[in-house]
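Here is what each chain is made of, one letter per residue.
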Amino acid sequence: FAIMEEEMGYYPMKTLTDETVMVPSKVKRTSTSQSIALAKYLQSTNAQMYGAFWCPHCSRQKELFGKEAWAYIDYVECSPKGYKSQFGLCTTEGVDGYPEWKFG
């Protein structure tokens, strides 16, 4: 796991049931006022971002928002091994690529 942690930006964690799940690294970039305004608008429309911990495009979008704005985004983890995975919801919603956004 050490290589994965450094190279990929996600970390293994054991759950209470001793299952290993992957936790993505926290967003590092500071948000701009524009990204915060956009995130607040997306939240007001009930937008959701579907992604996976291992998805580099998802990580890039998170960084583009920045840490302050990211707090407003409703993120759905779709990978079965991802932390707080909602794999069933992603399947029901027909998510077939990452990131995928659904609005309102």
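Higher on the page you've got the structure.
Here the structure is a predicted model, which is why all the values come from computation and not from measurement. (Residues numbered from 1 in each chain as written. Predicted model: local features only at pLDDT ≥ 70, side-chain atom pairs only at ≥ 80, totals over all residues. Heavy atoms only, no water.)

Teacher, can you tell me more about the pairing of strand β2 (residues 20-24) here?
The side chains of a regular strand alternate, residue by residue, between the two faces of the sheet. Examined bridge by bridge, strand β1 (residues 10-14) and β2 share 5 bridges and lie antiparallel to one another. The residue bridging Y11 from the neighbouring strand is V23, located in β2. Between β1 and β2, which pair antiparallel in sequence order, lie 5 residues; one of them, D18, sits at a positive phi of approximately 70°. (Pairing = 2+ DSSP bridges. Helix = DSSP H or I, 4+ residues; strand = E, 2+ residues; numbered from the N terminus.)

Even after reading the chapter, I still don't get the layout of surface pockets, so can you show me in this structure?
Taken as a whole, the largest pocket encloses approximately 340 Å³ of empty space. Residue lining of the largest pocket: 14 residues in total, with P24, K62, W70, Y75 and Y83 positioned closest to the centre. Sorting the residues of the lining of the largest pocket by element identifies β2, α4 (67-70) and β4 (74-77) as the ones contributing at least two each. Top element by residues in the lining of the largest pocket is β4. It accounts for 3 residues. The residue inventory of the lining of the largest pocket, partitioned by class, reads 7 nonpolar, 2 polar and 5 charged. (1 Å grid on protein atoms, 1.4 Å probe; cavity = no way out; pocket = protein on both sides within 12 Å on 5 of 7 lines; lining within 4 Å. Points joined across faces, edges and corners; volume = space filled by probe spheres on them. Nonpolar A, V, L, I, M, F, W, Y, C, P; charged D, E, K, R; others polar.)

None of this, on its own, says anything about what the molecule does.
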